[in-house]
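Examining the three-dimensional arrangement
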Amino acid sequence: MSLYITDSLNFIKKLRPQRIINAIKVISSFYFTKWTGKPVQWGLPFTVSIEPTTACNLRCPECPSGLRSFTRETGNLKEDFFKKTIDELYKELMYLIFYFQGEPYINPKFLDMVKYANDKGIYTITSTNGHFLNDENARKTIESGLDRMIISVDGTTQEVYENYRKAGKLKNVLQGARNVVKWKKKMNSKTPHIIFQFLVVKPNEHQIPEIYKLAEEIGVDEVKLKTAQVYDYEKGNDLIPTIDKFARYKEVEPGKWIVKNELLNHCWKLWHSCVITWDGMVVPCCFDKDAEFRLGDLREMPFKELWWGEKYQSFRRDLLKGRDQIEICTNCTEGCKVWA
């Protein structure tokens, strides 16, 4: 059976009537909003990203964790707060993404939290740089029931890999992937679905064919090529790929670059998902890396009160008036698409 079909069936098995009904409400309210221009939200998010930690072992140049440039507080997600939040959300929640900023495996309770969400029947996903997948963590990962694991492998040689993944060791990442594959086979587990994510930038674009070969050799289930968000793109940037379909930006005149994506005044992410930081702040999406647009604090109010509250509705109204007026939206290439 195709690995993609296996992964899809695994997700379908976790669907519940209440989750399907909620998803229909969310999709309906999104399209109703597009038609009327008025922010209507009938459902709860069916995708939530939660941040296990802001800490990271790497120094990637386009990442606030790597640059150590956060103005917000840093720390680890606490297990009791996590359980309280999941207990409130799990009946409607389809996907739980254990990632925002930082390296999830740095949080010592990370896999315990994955197990808790899995026991609630939620499809769980994480994204990791792969440096902490030693033999013990690989085994515990399988035992946690994690459904999907994205491993960032942005080069097939150390020289190219460290061009972006500063302070990273490719051999450790590849060994970590082998460890997970080994324990998955040993425990006869269908999960996690393992993905090599290749962030396409100019220094590594010539290695795209090689990442597919490497993934097949190790036994990884899938390779995903991802376009890179670049902060300083207006005058060009050495990371912008020369292969046009992998570049989020285009040169409109010599020395002047713009985001390719048209900023439509609606956003699917504001209807079906949100991000919860390690300390309980709710922000609109993954582009708000420093949590500047805080729409509420789960330490002070229940999620439903926050989600349908005036502050969230005000942000949705502002977005409908003009995404180009919201800073985190101006470098966004994803938010306007349904199923992004």
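Residues numbered from 1 in each chain as written. Predicted model: local features only at pLDDT ≥ 70, side-chain atom pairs only at ≥ 80, totals over all residues. Heavy atoms only, no water.

Each helix and strand in the protein was counted, giving 12 helices and 11 strands. Computed over the C-alpha atoms, the radius of gyration of the protein is 20 Å, within 12% of the 20 Å expected from 2.2 N^0.38 for a compact globule of 340 residues. Projected onto its principal axes, the C-alpha coordinates of the protein cover approximately 55 × 50 × 40 Å. Here the protein, with 340 residues, has 56% of them falling under the buried criterion. Across the protein, the fraction of contacts at a sequence separation of at least 24, relative to all contacts at a separation of at least 6, is 68%. Of the roughly 15,600 Å² that the protein leaves accessible, carbon and sulfur atoms contribute 52%. (Helix = DSSP H or I, 4+ residues; strand = E, 2+ residues; numbered from the N terminus. Rg over C-alpha atoms; globule rule 2.2 N^0.38 Å. Buried < 20%, exposed > 50% of the residue type's maximum accessible area, 1.4 Å probe, protein only. Contact = heavy atoms within 4.5 Å. Areas by Shrake-Rupley, 256 points an atom, 1.4 Å probe, with all protein chains shown as cover.)

On the secondary structure map, Ser273 appears in strand S9 (residues 273–276). Note on Ser273: relative accessible area 10%, which makes it buried. Among the polar contacts listed, one links the side chain of Ser273 to the backbone oxygen of Lys269, at a separation of 3.1 Å. Residues within four places of Ser273 in sequence aside, it is in contact with Pro45, Thr47, Pro284, Trp307 and Tyr312. (Polar contact = N/O pair within 3.5 Å; in protein donor to acceptor, adjacent residues only side chain to side chain.)

Glancing now at the packing of helix H8 (residues 170–186) against helix H9 (residues 208–218). As a packed pair, H8 and H9 sit with axes 10 Å apart at the nearest point and diverge in direction by 40°. In terms of axis orientation, H8 runs oblique to H9. Between H8, through Leu174, Ala177, Arg178 and Val181, and H9, the contact on the second element is made entirely by Leu214, Glu217 and Ile218. Considered class by class, the residues forming the contact of H8 with H9 number 5 nonpolar, no polar and 2 charged. (Axes fitted to C-alpha atoms, helices over the stretch in contact; angles between N-to-C directions. Parallel < 35°, antiparallel > 145°, perpendicular 65-115°, else oblique. Nonpolar A, V, L, I, M, F, W, Y, C, P; charged D, E, K, R; others polar.)

Take the nonpolar core next. In this structure, Phe82, Leu96, Phe98, Ile151, Phe196 and Ile276 are the most contacted members of the largest nonpolar core, which totals 95 residues. Tallying contributions element by element places H8 first for this core, with 7 residues. (Core = buried A, V, L, I, M, F, W, Y, C linked by side-chain atoms within 4.5 Å.)

Moving on to helix H2 (residues 17–36). For H2, with 20 residues, the first-to-last C-alpha span of 28 Å sits near the 28 Å given by 1.5 Å per residue. Listed as buried for H2 are Arg19, Asn22, Ala23, Val26, Ser29, Phe30 and Thr33. Along the axis of H2, the buried positions cluster into a sector of 130°, meaning they face one direction only. Seen from the buried face of H2, the exposed residues on the opposite side, beyond 90 degrees, are Pro17, Ile24 and Trp35. On its buried side, H2 packs onto helix H10 (269–272) and helix H12 (310–321). (Expected span 1.5 Å × (residues − 1). Arc of directions from axis to C-beta.)

On to the sheet that holds strand S11 (residues 296–297). Taken in spatial order, the 9 strands line up as S6-S5-S4-S3-S2-S1-S9-S10-S11 in an open sheet, and their pairing is mixed. In the strand order of this sheet, the two ends are held by strand S6 (222–227) and S11, each with one partner. Note that strand S5 (residues 193–200) and S6 share 6 bridges and pair parallel. Across the sheet, the residue bridging to Phe196 is Val223, located in S6. (Pairing = 2+ DSSP bridges.)

Tracing the chain through its elements places His206 in the loop between S5 and H9. Along the sequence, His206 and Tyr99 sit 107 residues apart, while their C-alpha atoms lie 28 Å from each other. Of the polar contacts made by the side chain of His206, one reaches the backbone oxygen of Pro203; its length is 3.5 Å.

Before going further, it helps to spend a moment on the side chain of Glu222. Residue placement: Glu222 occurs in strand S6. For the buried Glu222, no salt bridge is present, and the opposite-charge side chain at shortest range is Lys224, 4.3 Å distant. In this structure the side chain of Glu222 is engaged in a polar contact, spanning 2.8 Å, whose partner is the side chain of His193. Sequence-distant contacts of Glu222, that is, excluding residues within four places in its chain, are made with Tyr4, His193, Ile194, Ile195 and Phe196. (Lys, Arg positive; Asp, Glu negative; His and termini not counted. Salt bridge = Lys/Arg side-chain N within 4 Å of Asp/Glu carboxyl O.)

A full pass over the atoms with the stated rule returns 17 salt bridges. One salt bridge connects Glu79 with Lys109, and the closest N-O pair in it is separated by 3.5 Å. Of this pair, Glu79 sits in helix H4 (residues 79–89) while Lys109 sits in the loop between strand S2 (95–98) and helix H5 (110–119), placing them 30 residues apart in sequence. The residue Lys120 makes a salt bridge to Asp87 at a minimum N-O spacing of 3.4 Å. Taken together, the positions of Lys120 in the loop between H5 and strand S3 (123–128) and Asp87 in helix H4 put the pair 33 residues apart, joining distant regions of the chain. Linked through salt bridges whose partners overlap, the residues forming this network are Glu79, Lys83, Lys109 and Asp112.

Turning our attention to H5. Among the residues of H5, Phe110, Leu111, Met113, Val114, Tyr116 and Ala117 are the ones counted as buried. Summarising the contacts, the buried residues of H5 are in contact with H4, S2, S3 and helix H6 (135–144). One or two steps after H5, the chain reaches Gly121, where phi turns positive at roughly 80°.

One pass over the full model with this rule turns up 17 aromatic pairs. Here Tyr233 and Tyr249 contribute two aromatic rings whose centre-to-centre distance is 4.7 Å and whose plane-to-plane angle is 20°, an arrangement assigned as stacked. With Tyr233 in the loop between S6 and strand S7 (249–253) and Tyr249 in strand S7, this residue pair connects regions lying 16 residues apart in the sequence. Residues Phe303 and Trp307 carry aromatic rings whose centres are separated by 5.7 Å and whose planes lie at 20° to one another, so their mutual orientation is stacked. With a gap of 4 residues between them, Phe303 and Trp307 both fall in helix H11 (residues 303–307), about one helical turn apart. (Phe/Tyr/Trp six-rings, centres within 6.5 Å; stacked < 30°, edge-to-face > 60°.)

None of the figures reported here should be taken as evidence of function without further support.
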